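Here is what each chain is made of, one letter per residue.
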2 protein chains.
Amino acid sequence: MTDDLLTPLLQGDRRALSRAITLVESTRPDHRDRAQALIAALPDGGALRIGLSGTPGVGKSTFIEAFGTRLTAQGLRVAVLAVDPSSTRSGGSILGDKTRMELLSRNPRAFIRPSPSSAHLGGVARRTREAIRLCEAAGHDIVLIETVGVGQSETLVAQMSDLFILLLAPAGGDELQGVKRGIMEMADLILVNKADGDLLAPARRTVADYAGALRLLRKRAQDPEGFPKAMPVSATTGAGLEEAWTQMHDLTAWRRDHGHFDRIRAEQARDWFMAELRGGLLAQLDAPAARRRIADLGTRVAQGGLPPVEAARQMLDWLRAPR
Amino acid sequence: MTDDLLTPLLQGDRRALSRAITLVESTRPDHRDRAQALIAALPDGGALRIGLSGTPGVGKSTFIEAFGTRLTAQGLRVAVLAVDPSSTRSGGSILGDKTRMELLSRNPRAFIRPSPSSAHLGGVARRTREAIRLCEAAGHDIVLIETVGVGQSETLVAQMSDLFILLLAPAGGDELQGVKRGIMEMADLILVNKADGDLLAPARRTVADYAGALRLLRKRAQDPEGFPKAMPVSATTGAGLEEAWTQMHDLTAWRRDHGHFDRIRAEQARDWFMAELRGGLLAQLDAPAARRRIADLGTRVAQGGLPPVEAARQMLDWLRAPR
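Criteria and cut-off values
Residues numbered from 1 in each chain as written. Chains lettered and ligands numbered in written order. Predicted model: local features only at pLDDT ≥ 70, side-chain atom pairs only at ≥ 80, totals over all residues. Heavy atoms only, no water. Helix = DSSP H or I, 4+ residues; strand = E, 2+ residues; numbered from the N terminus. Buried < 20%, exposed > 50% of the residue type's maximum accessible area, 1.4 Å probe, protein only. Contact = heavy atoms within 4.5 Å. Areas by Shrake-Rupley, 256 points an atom, 1.4 Å probe, with all protein chains shown as cover. Least-squares fit on C-alpha atoms with pLDDT ≥ 70 in both. Pairing = 2+ DSSP bridges. Expected span 1.5 Å × (residues − 1). Arc of directions from axis to C-beta. Axes fitted to C-alpha atoms, helices over the stretch in contact; angles between N-to-C directions. Parallel < 35°, antiparallel > 145°, perpendicular 65-115°, else oblique. Left-handed = near helix turned anticlockwise from the far one by under 90°. Nonpolar A, V, L, I, M, F, W, Y, C, P; charged D, E, K, R; others polar. Buried area = accessible area lost by both parts, 1.4 Å probe. Salt bridge = Lys/Arg side-chain N within 4 Å of Asp/Glu carboxyl O. Polar contact = N/O pair within 3.5 Å; in protein donor to acceptor, adjacent residues only side chain to side chain. Phe/Tyr/Trp six-rings, centres within 6.5 Å; stacked < 30°, edge-to-face > 60°. Lys NZ or Arg CZ within 6 Å of the ring centre and 35° of its normal.

An unreviewed UniProt entry lists chain A under the name Methylmalonyl Co-A mutase-associated GTPase MeaB, with Paracoccus hibiscisoli as the source organism.

Draft legend 1. Spotlight on the overall build of chain A. Each helix and strand in chain A was counted, giving 14 helices and 7 strands. Across the 323 residues in chain A, those meeting the buried criterion constitute 51%. Contacts in chain A between residues far apart in sequence, at least 24 positions, make up 74% of those at least 6 positions apart. Counting only carbon and sulfur atoms, one obtains 52% of the accessible surface of chain A, whose full area is about 14900 Å².

Draft legend 2. Spotlight on the relation of the copies chain A and chain B. With an RMSD of 0.0 Å, the operation that places chain A on chain B is a rotation of 180 degrees combined with a shift of 0.0 Å along the axis. Both copies of the chain, as the preceding transformation shows, are related through a two-fold rotation axis. Across chain A, the rotation axis passes nearest the C-alpha of leucine 281 of chain A, at a separation of 3.3 Å.

Draft legend 3. Structural view of the pairing of strand β4 (residues 142-147) of chain B. Residue and element names in this part refer to chain B. Of all 6 residues in β4, 6 are buried, a share of seventy percent or more. Burial of β4 is two-sided: the residues Ile142, Leu144 and Glu146 facing one way and the residues Val143, Ile145 and Thr147 facing the other way are all buried. As defined by bridge partners, strand β1 (residues 48-53) adjoins β4 across 6 bridges and the pair is classed as parallel. Residue pairing for β4: leucine 48 is matched across the bridge by isoleucine 142. In this structure, strand β2 (residues 78-83) lies alongside β4, joined through 6 bridges in parallel fashion. By the bridge assignment for β4, valine 83 is matched with threonine 147.

Draft legend 4. Fine view of helix α13 (residues 288-302) of chain A. All names here are of chain A. Its 15 residues place the ends of α13 21 Å apart at the C-alpha level, agreeing with the 21 Å of an ideal helix rising 1.5 Å per residue. All of the buried residues along α13 are Ala290, Ile294, Leu297, Gly298 and Val301. Mapping the buried residues of α13 onto a view down its axis gives an arc of 105 degrees, with all of them on the same face. Across α13 from its buried face, at more than 90 degrees, point the exposed residues Pro288, Arg292 and Asp296. Note on α13: the residue one or two positions beyond its end, glycine 304, has a positive phi of about 90 degrees.

Draft legend 5. How the structure looks around the sheet that holds strand β5 (residues 163-168) of chain A. All names here are of chain A. Strand order in the open sheet formed by 7 strands is β3-β2-β4-β1-β5-β6-β7, with parallel pairing between adjacent strands. The sheet is open, and its two borders are formed by β3 (110-113) and β7 (229-232), each paired with just one other strand. In this sheet, neighbouring strand axes are inclined to one another by 20 degrees on average, regardless of whether the strands run parallel or antiparallel.

Draft legend 6. View of the sheet that holds strand β6 (residues 189-192) of chain B. Residues and elements named next belong to chain B. The parallel open sheet is built from 7 strands, whose spatial order is β3-β2-β4-β1-β5-β6-β7. The sheet terminates laterally at β3 (110-113) and β7 (229-232), the two strands that pair on one side only. In this sheet, adjacent strand axes meet at a mean angle of 20 degrees when their direction is disregarded.

Draft legend 7. Focus on the packing of helix α12 (residues 260-283) of chain A against helix α14 (residues 308-320) of chain B. It is at 8 Å that the axes of α12 of chain A and α14 of chain B come closest, and there the two elements cross at 40 degrees. Taken together, the axes of α12 of chain A and α14 of chain B lie oblique to each other. The handedness of the crossing between α12 of chain A and α14 of chain B is right-handed. Residues Ala269, Trp272, Phe273, Glu276, Leu277, Gly280 and Leu281 of chain A of α12 of chain A form the contact with α14 of chain B, whose own contacting residues are Pro308, Val309, Ala311, Ala312, Met315, Leu316, Leu319 and Arg320 of chain B. By residue class, the composition of the contact of α12 of chain A with α14 of chain B is 12 nonpolar, 1 polar and 2 charged.

Draft legend 8. Layout of the interface of chain A and chain B. Each partner contributes to the interface: chain A provides 33 residues, whereas chain B provides 33 residues. For the chain A face of the interface with chain B, the top three residues by lost area are Phe273, Leu281 and Val309 of chain A, together amounting to 22%. Inspection of the region where chain A meets chain B yields 0 salt bridges. Joining chain A to chain B, the criterion identifies 0 residue pairs in polar contact (both at pLDDT 80 or more). When residues of the side of chain A that touches chain B are traced back to their parent elements, those giving at least two are α3 (29-40), α12, α13 and α14 (308-320) of chain A. If one sorts the elements of the side of chain A that touches chain B by residue count, α12 of chain A sits on top with 12 residues. Taken together, the residues of the side of chain A that touches chain B break down into 21 nonpolar, 6 polar and 6 charged.

Draft legend 9. Spatial organisation of the environment of alanine 208 of chain A. Following the sequence through the fold, alanine 208 of chain A ends up in helix α10 (residues 200-215). Distance from alanine 208 of chain A to isoleucine 183 of chain A, taken between C-alpha atoms, is 18 Å for residues 25 residues apart in sequence.

Draft legend 10. View of the pairing of β7 of chain B. Here β6 of chain B runs beside β7 of chain B; their pairing, made up of 4 bridges, is parallel. Across the sheet, valine 192 of chain B pairs through a bridge with proline 232 of chain B, a residue of β7 of chain B.

Draft legend 11. A look at unusual backbone geometry. Residue proline 228 of chain A is bonded to the preceding phenylalanine 227 of chain A through a cis peptide linkage, with omega at -10 degrees. Looking at where proline 228 of chain A falls in the secondary structure, it is placed in the loop between α10 and β7. We note that lysine 194 of chain B has phi near 65 degrees; this positive angle belongs to a residue other than glycine. With respect to the helices, strands and loops of the structure, lysine 194 of chain B is situated in the loop between β6 and α10 (200-215). Residue class for lysine 194 of chain B comes out partly exposed when judged on its relative accessible area of 28%.

Draft legend 12. Molecular detail of the packing of aromatic side chains. Following the criterion strictly, the structure yields 4 aromatic pairs over all chains and no others. For the pair phenylalanine 63 of chain A and phenylalanine 67 of chain A, a centre-to-centre distance of 5.2 Å together with 15 degrees between the ring planes defines the contact as stacked. Taken together, the positions of phenylalanine 63 of chain A and phenylalanine 67 of chain A, both in helix α4 (residues 60-73) and 4 residues apart, correspond to about one turn of that helix. Residues phenylalanine 67 of chain B and tryptophan 245 of chain B carry aromatic rings whose centres are separated by 6.2 Å and whose planes lie at 70 degrees to one another, so their mutual orientation is edge-to-face. Of the two residues, phenylalanine 67 of chain B is situated in helix α4 (residues 60-73) and tryptophan 245 of chain B in helix α11 (residues 241-257); the sequence distance between them amounts to 178 residues. When its relative accessible area of 1% is taken as the criterion, phenylalanine 67 of chain B is described as buried. Ring pairing ties together the aromatic residues Phe63, Phe67 and Trp245 of chain A, which thus form one cluster. The ring of phenylalanine 261 of chain A has arginine 256 of chain A lying over it, and the distance from NZ or CZ to the ring centre is 4.0 Å.

Draft legend 13. Here's a closer look at the side chain of glutamate 130 of chain B. Along the polypeptide, glutamate 130 of chain B turns up in helix α7 (residues 121-137). Classification of glutamate 130 of chain B as buried rests on a relative accessible area of 0%. Within the structure, glutamate 130 of chain B has its side chain in polar contact with the side chain of arginine 32 of chain B (distance 2.7 Å). Discounting residues that sit within four places of it in the chain, glutamate 130 of chain B has contacts with Val309 of chain A together with Val24, Arg32, Ile39 and Trp272 of chain B.

If you want it as structure tokens, here you go:
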């Protein structure tokens, strides 16, 4: 049976898309089954998935507002999703307030989805991947996946993006080390924002610093000459945004021509499969009966009456027993 | 049936201890079964478990040599274990060469175990926990668990230690941020090494910097007034080593008196149980038949013929089917 949401979703109906994303965000077992069936019924979408990371204060919302508006002006449909595994703590700060992107949120070619408040990273990964698929199916050409620079969320976003963009603020040269090497290694493009007014010169210096740092990284198969690249932009004046988009476009075209685009997607699909598989196995521990048994065994372990390894063996036997 | 290794192990026989650790390091299923039975048969040991972290160059080996020798001079038996999840890459650098601790390695009251070359973090955790239990059972009073400051290894070591010590080198004030906040939060004692000669003044400044940073951290229930603490030491001259040991001793005594020592151990045992449980569930994926099936499904997923979530569902069904 076809889901009622499928047809309006494929027609690009925003309410249907919103409701479908709410469905994939739900943890209720019947919702999960319905979401899974819906996702399985979707045709492959053709959107470009752009991951965007930047710590608070670099002007991420202003950038997305300006960059997204520019893309829609070219006739492209843009969806913005947020990945914020820390949102329970921070009170759902990122994208929680659509007014941060007032212009874009009222744009008929744009769709903005605030991050939900649950904080489980595994769950975040699954529902973001599913939300991306839904946005694609609803006819968006670009899916921007925004994340704050916290813990593993960048890795997560990079693993579901075709391009990974790091947005930074102008900084002194000695602050360069503040960006972890691992994050730099994932970036396809580093954009130094606020390259306007008094900050223009510092922004250019920062670009030069990062360009130097990027040259020291190992050459990746998926990069043509000159990538990864660092560039100055200003979300306020719009300077550099067109050039940044050209770079993203050219890089994507090159990767498509050389087979890297499809290869990366294939690897991501395989990673998703493995993540779902591991998550599914570990989910057995969350069933009420299993939780009770784990709590009992855990108490005996904590009291010293049962060695941890023996308790784990007993629990594994219990899980494997046919019921 | 009692394992042949048990009696000599409990008598403190070094060869038996070495062989028992080799046994827990093995991944062969029959070795694993034997190791598990041996561990389950061990009485509770009374050793103090001290985790020690420090990046290469801070003088970790020299410190362990000097500190360990001092402890043995007081009649204490000391075991040194290494946790190095990166050792396949670095060529098993840490403790790989016993000559780094020439004096201690020839000391009859000391036992030094180099880190094995496998790199799987989950496996590292299990075998280190089991090796600690073996060292305790063999009559060691102190088990020093050494790790390099790489990735998650500090967290791992802190989770199996009664005390967690961070060894640092003297540094400029702006380098303080190089130590991640998360690591600082785990430390019970920060020792700034090389506090001798020209580096004495910088070492004292570094101690003051860290003492200031530690005061800004949230107060933990398991700490008496004044802890966590930063102190200068010199592994070369021996300055501060006695005082560092006194601090460790006093902190441990306070925690024992206030119930925190046993509470922390109980939590660690519970964490160990959960880690074993999760590891045991995921180990199903490593069986040869499962690997073949995962490879097949993964290929279909990568080729786009099967959605990742559907592939995971099929694999989970296969794992659950009685065979």
